Structures are given as structure tokens and as C-alpha cells.
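Coordinates in review
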Amino acid sequence: MAGYNIGVMQKITWKCLCSICQRPIQRGKPTLLFAIDRPMLLGICHSTCGYSRYKYGHFQMCPPNYLSDEQISFLVQFYYRLYTLPGGQEPNRELRWCLSNLLSDYPTSMVSPMASLLRLLDEHKRWHHEWLYNGDLEIDFLRLLGEIQKAARENPVGLEFDFRT
């Protein structure tokens, strides 16, 4: 990631440069861009600069917000693993649905990820989608979350994002 000295904890705040247009981010909802083919944070941008960048994972912050190094490290691993899972109409797509559902209220959703999973499974009953999952979704969901958390602890990013002030 250009402009960041990885290895030294850095705090990213308002007025940091957008990774796309190189103008300062001064308001709005900053968007983090993640690689989907490897565990990597690619940058931060204005929401209007990043919305059409489909080959990246997007995480839009809602200021005032703070994401610690542990949370950023988790998201780096999370997006990589999310995009390795089947989606669309592929068999076993449900694990990807359950995992991506955690993003709607991240980081709060991580307080009780099982509650998020159970809500999604309850909603699924009202949908008219055919169930295509082979295996135990709850066990696979928890196993995958554990693997992501372990990888995040082993590979810290060294960045925190503080858009509270």
C-alpha cells in the first residue's frame, strides 16, 4: 500500500489521501479497499471514487468510527476468505452468505457472530431459494471464523483508522 510504512503502527484519520484520486478525504464515508485474490489492504478512498471498483472488496466506514489494527487485520483476512467461497447459484453458496452478513454491522456483529448466523438462517426460511449447502453450516461457519481470526493474529497489518473527530 503506497504511502504507508508497514511495520510501524500508523493511525489513518481525516485528510488522508484517497488511494484513487489522491485528494484528501475530509468528509463522507471512507471506503477501505481489499484485494480479493490475496489477504491485503489496498487502500482507502472516497466512497464516490471506489464505488465502481468491482475487482476489490469494499468496506464502507460510517463515521464517527474507529477500527483497530486487530479489526483491520481481521477484515484483510476476511475479504480474502470470503471471495474464495462459492457464491451466486453455486452449491455451498450459503456459507458465503452467512459470512458476508457479518459485514452489515461490523465490528458490532463480531460480539455475537452466532446471533447473526441464526438471524440469517431464520430469514432464509422466508426466501424462496433452494438450499444448496452440503454439510453442517454452523460448524463450517465457526471453523472459518476461527481460521480468519488466527490468520489475523499471525499477520497484523499495523494500521488503525480513526474517523471519530
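A few points on the structure.

What counts, and where the lines are drawn
Residues numbered from 1 in each chain as written. Predicted model: local features only at pLDDT ≥ 70, side-chain atom pairs only at ≥ 80, totals over all residues. Heavy atoms only, no water. Phe/Tyr/Trp six-rings, centres within 6.5 Å; stacked < 30°, edge-to-face > 60°. Helix = DSSP H or I, 4+ residues; strand = E, 2+ residues; numbered from the N terminus. Buried < 20%, exposed > 50% of the residue type's maximum accessible area, 1.4 Å probe, protein only. Expected span 1.5 Å × (residues − 1). Contact = heavy atoms within 4.5 Å. Polar contact = N/O pair within 3.5 Å; in protein donor to acceptor, adjacent residues only side chain to side chain. Axes fitted to C-alpha atoms, helices over the stretch in contact; angles between N-to-C directions. Left-handed = near helix turned anticlockwise from the far one by under 90°. Nonpolar A, V, L, I, M, F, W, Y, C, P; charged D, E, K, R; others polar.

A word on the packing of aromatic side chains. Counting across every chain of the model gives seven aromatic pairs. Ring geometry for F74 versus Y106: centroids 5.7 Å apart, planes at 10°, classification stacked. Taken together, the positions of F74 in helix α2 (residues 69-82) and Y106 in the loop between α3 (94-101) and α4 (113-124) put the pair 32 residues apart, joining distant regions of the chain. Of the two residues examined, F74 and Y106, each falls in the buried class. Look at F78 and Y79: their rings are 5.9 Å apart centre to centre, the planes differ by 80°, and that puts the pair in the edge-to-face class. The exposure class of F78 is buried, given its relative accessible area of 1%. Given the relative accessible area of 2%, Y79 is considered buried. Put simply, the rings of F34, F59, F74, F78, Y79 and Y106 pair up and form one aromatic cluster.

Right, let's talk about unusual backbone geometry for a bit. Cis rather than trans, the peptide bond between Y106 and P107 has omega equal to 10°. Examined against the element boundaries, P107 turns out to sit in the loop between α3 and α4. Although it is not a glycine, K15 adopts a positive phi angle of roughly 80°. Tracing the backbone through its elements, the reader meets K15 in the loop between β1 (10-12) and β2 (31-34). Residue class for K15 comes out exposed when judged on its relative accessible area of 61%.

Attention shifts here to helix α5 (residues 137-154). Over its 18 residues, α5 runs 26 Å from end to end, which matches the ideal 26 Å to within 8%, given 1.5 Å per residue. If you follow the buried residues of α5, they end up packed against α2, α3 and α4. Its side-chain oxygen placed 3.2 Å from the backbone nitrogen of E138, D136 serves as the N-cap of α5.

Our next topic: the packing of α4 against α5. Between α4 and α5, the least distance of the axes is 11 Å, while the angle of their chain directions is 145°. Note that α4 runs across α5; the crossing there is right-handed. Between α4 and α5, the contacting residues are P113, M114, L117, L118 and L121 on the first element and L137, E138, F141, L142 and L145 on the second. A breakdown of the residues in the contact of α4 with α5 according to their chemical character gives nine nonpolar, no polar and one charged.

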